Amino acid sequence: MNISFRFLFKSAMLVSFLHSMYAWFFWYTNSSYLGLLVSAVVLFYIILEPVKLEFTIKRTIGVILLLIAYYLGYPLGLKHIVARLFVILPVILLIHIKDEKIHKELLDFIAWFFALLIPLSLVVFVLSFAGLPPVLHIKPPAEVYGSDFISYIFAMRSEYYEIRFASIFLEPGHLGMILAYLLYALNFNLKDLRVIIIILGIIFTLSLAAYILMILAFVFKLYANKKLKIRYIISGILFFAFLYIVAKTYNDGSNYLNGAFFKRLEYSEDKLIAGNNRTYGMFDEFYELAMEHKRLLLWGIGVESFKLIEENTSFGGAGVKIFILRHGLVAVFFYLLSYVFMGLSITKKNKRYLFGFILLFSFSFLQRAYPFWTSWLMLFIVGLNNFNILISDDKR
């Protein structure tokens, strides 16, 4: 076994992982060329190690459905097909690797990266408010983020997010979402120092969606391990009720806890909940008009048309509505099926963990619909393999 080459494999997969999360040093990197490089490293590793691959009917169906959903809404010229294939190819190769230990090693590699990054990034982030000079100013990849971001190499700051922590990534919500998935992939083991550090990172994002995902990840972890007891549920409800009372009564509700969290959870006729602010400009009006047409509802308007409208009017956002308008309901259905089939092809016995993972993704999809991100797919694959190992170890 060539240990150094396995390190290159894990490093290449981490590069793909960070690129999908919009780490600042990848903002203006060509996705296709980077995917080609990562895919080449993974292929060489598989061939030269050599690594055994496993092909099953369920896995093949899952990958085919994933690719169909992945291409829906995009131009189908050969150039576009090949270019986009390189972006997702590393994950397609990963899912066919048979050895569960390789998947566990990759999960540990990613977890340790964030366990080391978060404390360093937090220190730099705090020091930036104390006068630490910036290294450079960098233009964000979309105009909606406003003025230039300030880079301190290991941390980013912007007027758009003020005191919210995003580490090296474009959005605090991106970081919080992926860290919540990582907690679940690690089986939310509170005895693991990395898990504690990851929780700390989520807290500093000040992301309501990330907090909810973290709580759900813990609940689903208890469910997957058959430890979800009534006393835990009652304790959680009582704790939430206590926070709610404090938030609503302290200073007559004029406090950060109420403004940032509980007010955003209140019912709204237009948005269901007040904090559901995932769209802006004229998007909602355009969405309502488009959804009146069955073809647009099922197949979307396409990515190119979406970009054209976005460039010529105040229009955009994130979440399930954006995804449906771009790609259509058919793509949503295919994505869900692809995750189910791929998950079933990996899961050996306890399907509760798979069900919990898909539910976690589904809740996140409402706010951040990025099922094609390699970071989503990678944690899904390695997390399921890691849980298989945990189950087998428990039975010994």
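Use the structure listed above.
All values reported here derive from a predicted model rather than from experimental measurement.

Caption draft 1: Region of interest: the overall build of the protein chain. For the protein chain, the helix and strand inventory stands at 17 helices and 7 strands. Within the protein chain, the fraction of its 396 residues that count as buried is 49%. Look at the contacts in the protein chain between residues 6 or more apart in sequence, and 71% of them connect residues 24 or more apart. For the protein chain, the accessible surface area stands at approximately 19800 Å², while carbon and sulfur atoms represent 67% of it. Positive and negative side-chain charges of the protein chain, numbering 37 and 25 respectively, have mean locations separated by a distance of 12 Å.

Caption draft 2: Quick look at the side chain of Ser 207. Take Ser 207: it is sitting in the loop between helix H7 (193–205) and helix H8 (208–224). What Ser 207 contacts, discounting residues up to four positions off in sequence, is Arg 164 and Gly 173.

Caption draft 3: The nonpolar core, seen in detail. Grouped together as the largest cluster of nonpolar side chains are 110 residues, with contacts concentrated most on Phe 114, Leu 182 and Trp 376. Of the residues forming this core, the biggest block, 12 residues, is contributed by helix H5 (residues 100–129). When near neighbours in sequence (up to four residues on either side) are disregarded, Trp 376 contacts Met 177, Ile 178, Tyr 181, Tyr 339, Phe 361, Ser 364, Phe 365, Arg 368, Tyr 370 and Pro 371. The next biggest cluster of nonpolar side chains, apart from the first, holds 12 residues, and it includes Tyr 287, Leu 296, Ile 309 and Phe 315.

Caption draft 4: Seen up close, the sheet that holds strand S3 (residues 156–157). The sheet built from 3 strands is open, its strands ordered S1-S2-S3 with antiparallel pairing. For this open sheet the edge positions go to strand S1 (136–138) and S3, each flanked by a neighbour on one side alone.

Caption draft 5: Fine view of unusual backbone geometry. Along the chain, Glu 49 connects to Pro 50 via a cis peptide bond; the corresponding omega equals -15 degrees. Even without glycine at this site, Phe 188 takes up a positive phi of about 45 degrees. Mapped onto the fold, Phe 188 is located in the loop between helix H6 (172–185) and H7. Assessed through its relative accessible area of 4%, Phe 188 is described here as buried. We note that Lys 226 has phi near 55 degrees; this positive angle belongs to a residue other than glycine. Position of Lys 226 among the secondary structure elements: in the loop between H8 and helix H9 (230–249). The class for Lys 226 is exposed, based on a relative accessible area of 58%.

Caption draft 6: Main features of the packing of H5 against H7. In contact at an axis separation of 9 Å, H5 and H7 are set at 50 degrees when each is read in the N-to-C sense. On the basis of their axis angle, the class for H5 and H7 is oblique. The hand of the H5/H7 crossing is left-handed. Touching Asp 108, Ala 111, Trp 112, Phe 114, Ala 115, Ile 118, Pro 119 and Leu 122 of H5 are Arg 194, Ile 197, Ile 198, Leu 200, Gly 201 and Phe 204, all from H7. Each residue belonging to the contact of H5 with H7 can be placed in one class, and the counts come to 11 nonpolar, 1 polar and 2 charged.

Caption draft 7: Region of interest: the pattern of salt bridges. Taken as a whole and judged by the stated rule, the model has 10 salt bridges. Taking the shortest distance from any N to any O, the salt bridge between Arg 6 and Glu 49 comes out at 3.6 Å. Here the residue Arg 6 occupies a position in helix H1 (residues 3–20), and Glu 49 occupies one in the loop between helix H2 (31–48) and helix H3 (57–71), the gap between them amounting to 43 residues. The exposure classification of Arg 6 matches that of Glu 49, with both residues buried. Between Arg 6 and Glu 105 there is a salt bridge, and its shortest N-O distance comes to 3.0 Å. Pair noted here: Arg 6 is in helix H1 and Glu 105 is in helix H5, with a separation of 99 residues, a long-range link.

Caption draft 8: Structural detail: the packing of aromatic side chains. In the structure shown here, the tally under the stated rule is 34 aromatic pairs. Their ring planes at 70 degrees and their centres at 5.1 Å tell us that Phe 188 and Phe 218 sit as a pair that is edge-to-face. Of this pair, Phe 188 sits in the loop between H6 and H7 while Phe 218 sits in helix H8, and the two are 30 residues apart along the sequence. Residues Tyr 353 and Phe 387 carry aromatic rings whose centres are separated by 4.2 Å and whose planes lie at 5 degrees to one another, so their mutual orientation is stacked.

Reading the values: rules and limits
- Residues numbered from 1 in each chain as written.
- Predicted model: local features only at pLDDT ≥ 70, side-chain atom pairs only at ≥ 80, totals over all residues.
- Heavy atoms only, no water.
- Helix = DSSP H or I, 4+ residues; strand = E, 2+ residues; numbered from the N terminus.
- Buried < 20%, exposed > 50% of the residue type's maximum accessible area, 1.4 Å probe, protein only.
- Contact = heavy atoms within 4.5 Å.
- Areas by Shrake-Rupley, 256 points an atom, 1.4 Å probe, with all protein chains shown as cover.
- Lys, Arg positive; Asp, Glu negative; His and termini not counted.
- Charge placed at Lys NZ, Arg CZ, Asp CG, Glu CD.
- Core = buried A, V, L, I, M, F, W, Y, C linked by side-chain atoms within 4.5 Å.
- Pairing = 2+ DSSP bridges.
- Axes fitted to C-alpha atoms, helices over the stretch in contact; angles between N-to-C directions.
- Parallel < 35°, antiparallel > 145°, perpendicular 65-115°, else oblique.
- Left-handed = near helix turned anticlockwise from the far one by under 90°.
- Nonpolar A, V, L, I, M, F, W, Y, C, P; charged D, E, K, R; others polar.
- Salt bridge = Lys/Arg side-chain N within 4 Å of Asp/Glu carboxyl O.
- Phe/Tyr/Trp six-rings, centres within 6.5 Å; stacked < 30°, edge-to-face > 60°.

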